[in-house]
Structure formats: C-alpha cells, structure tokens
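# Results of the structural survey
Take a look at the letters that make up each chain.
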Amino acid sequence: MWLYVLAKAVCMFLFSIWYKLEYRGLENIPAGGGYILMSNHRSNLDPIVLAEKAHGQVRYMGKMELFQNPILGWALRTIGTFPVDRGAGDTSAIETAQEVVQVGDILGIFPEGHRSKTGEPGRPKSGVALVAKLTKAPVLPCSVYWEGKLSFRKKIVISYGELISFEELGLGEDSTARDLRTATQKMFGRTLELIEESKNGY
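None of these values were measured; they are calculated from a predicted model.

On to the overall build of the protein. Counting secondary structure elements, the protein contains six helices and seven strands. When the helices and strands of the protein are read in sequence order from the N terminus, they spell out α-β-β-α-β-α-β-α-β-α-β-β-α. For the protein, the C-alpha radius of gyration of 16 Å lies close to 17 Å, the compact-globule estimate for 202 residues. With the C-alpha coordinates of the protein rotated into their principal frame, the extents come out at 50 × 40 × 35 Å. Counting every position in the protein, which comprises 202 residues, the buried fraction comes to 44%. The long-range share in the protein, meaning contacts at least 24 apart out of those at least 6 apart in sequence, stands at 71%.

Below, the structure is given as structure tokens:
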C-alpha cells in the first residue's frame, strides 16, 4: 500500500506541473471503498488522475500484454493492478475484481477496454455490469476530458458523477446478457453526460 501511495504522489506532483488539472464533483466521491469506479479512457494518465481524489486504493484491471514486460508487470502488480485476458472469458480476473470490492478497496474499470485514439468514447463492454451484478456494488461514473491534443499545460477536466446504486441497475440472479448490456449502457450513459458537461464548461 505504501508503494501505491508513493507512486501516486510522485505522479501527481509531476502531472500537476505539466498539466492544468481541474476536478469537478468531488462531493460525489464516497468516503470509503467497496465500489466500482468507471470512466472513459483517454490516455495512460487516466488511472492516476482518477485515483487521486479517491478515499482508498483504486485497483485497475490491466490488459495481459502489459504484464509480459517483467519490470512493468512487477510495477503494475506492486500498485495493485491485476491482469485480464481480454476476449478469453478470463474468470480469474472477474474473481479478483469481486475480491477487490468485497475487501473494501475500489475497483477501477474502463468499459471501453482500450484508450480512445480519437478522444471520442467507444462502445462499452458488459464486464462492468457483470462485476456489479456479482458484487452488488454501487458504481461511481467518472470522465476525463480535454480538447485537442494532450500537451504542456493542457487543461484536463476530471469529473465524478453521482453514485449509482446497485438497485438502480435492475440486475438479479436471473439477469440475461441483454440485461447486462442495458445496465452497462445506463452506467456509461452517466459518463457520457459528464463528458458533455465538461465540454460545455471547458
């Protein structure tokens, strides 16, 4: 945990010098953990800037390819990131995600599955709804937004929306794949709203 805190502090110090970070909706962040933090994905900065204001450790899913580099893999595991084999029905990653929420940490998920090269949000995958169903955890919708290309002293807006309770998702033990997709669209729809608000108030 201390390595996580140290790494986050160092990164945020550097980021705050290089960029202009603006946080919105801080009153929506829960006082503790045990929830899912969900956001669009713009760059490698996202996991750090989103976790900065969270009250607890945010543990992210990372694509398996990142862990093939021994040094990078060690660093990612040290700060709590765990691998997921995308497209292979990785049940171990789902089980780890459940454990993260159940022990009171914060699970970070980017439903699009990869960074957006254009800046426009991609199509969300249903994994976030599946984890919500299995853990019955609430979801904190977030967004990261900037205009144009990322450059020195670029303004980056990080927004947190109102917490979505598990009950709002309408998921149960007998939920179908269609139900999961509907719940995912509902959750990610909140992120899309935050992006639009960031655009309008940029």
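Time to look at the sheet that holds strand S3 (residues 58-63). Backbone-to-backbone hydrogen bonds join strands into a sheet, with any given pair of strands oriented parallel or antiparallel. Strand order in the open sheet made by the seven strands is S1-S7-S6-S2-S5-S3-S4, with mixed pairing throughout. At either end of the open sheet lies a strand with only one pairing partner, and these are strand S1 (20-24) and strand S4 (82-84). Ignoring strand direction, the axes of neighbouring strands in this sheet form an average angle of 25°. Examined bridge by bridge, S1 and strand S7 (residues 155-160) share five bridges and lie parallel to one another. Looking at the pairing, Arg24 lines up with Ser159 of S7. In the packing of helix H5 (residues 127-135) onto the sheet, the strands contacted are strand S2 (36-39), S3, strand S5 (106-109) and strand S6 (139-145), and the crossing angle to S2 comes to about 165°.

Aromatic ring pairs: the centre-centre distance and the angle between the two ring planes describe each pair. Summed over the entire model, instances satisfying the criterion amount to five aromatic pairs. An angle of 65° between the planes, with centres 6.4 Å apart, marks the rings of Phe15 and Tyr19 as edge-to-face. Comparing Phe15 with Tyr19 shows no difference in burial state: the two are buried. With a centroid separation of 5.5 Å and 0° between ring planes, the pair formed by Tyr60 and Phe110 is classed as stacked.

The next thing to look at is helix H1 (residues 2-18). Its 17 residues place the ends of H1 24 Å apart at the C-alpha level, agreeing with the 24 Å of an ideal helix rising 1.5 Å per residue. Turning to H1, its buried residues number three or more, namely Tyr4, Lys8, Met12 and Phe15. Burial along H1 is one-sided: seen end-on, the buried residues are contained in an arc of 65°. Residues of H1 that are exposed and point over 90 degrees away from its buried face: Trp2 and Phe13. Along its buried surface, H1 packs onto S1, helix H2 (46-51) and S3.

In this structure, Thr191 sits in helix H6 (residues 177-200). The residues contacting Thr191, other than those within four sequence positions of it, are Met38, Ser39, Asn40, Pro141, Cys142 and Ser143.

Another point: the pattern of salt bridges. Per the stated rule, a full pass over the model turns up five salt bridges. Residues Glu22 and Lys155 are paired through a salt bridge, measuring 3.3 Å at the closest nitrogen-oxygen approach. Taken as a pair, Glu22 in strand S1 and Lys155 in strand S7 lie far apart in primary sequence, 133 residues in all. Several salt bridges converge on common partners, so that one network encompasses Glu22, Arg24 and Lys155.

Calculation notes
Residues numbered from 1 in each chain as written. Predicted model: local features only at pLDDT ≥ 70, side-chain atom pairs only at ≥ 80, totals over all residues. Heavy atoms only, no water. Helix = DSSP H or I, 4+ residues; strand = E, 2+ residues; numbered from the N terminus. Rg over C-alpha atoms; globule rule 2.2 N^0.38 Å. Buried < 20%, exposed > 50% of the residue type's maximum accessible area, 1.4 Å probe, protein only. Contact = heavy atoms within 4.5 Å. Pairing = 2+ DSSP bridges. Axes fitted to C-alpha atoms, helices over the stretch in contact; angles between N-to-C directions. Phe/Tyr/Trp six-rings, centres within 6.5 Å; stacked < 30°, edge-to-face > 60°. Expected span 1.5 Å × (residues − 1). Arc of directions from axis to C-beta. Salt bridge = Lys/Arg side-chain N within 4 Å of Asp/Glu carboxyl O.

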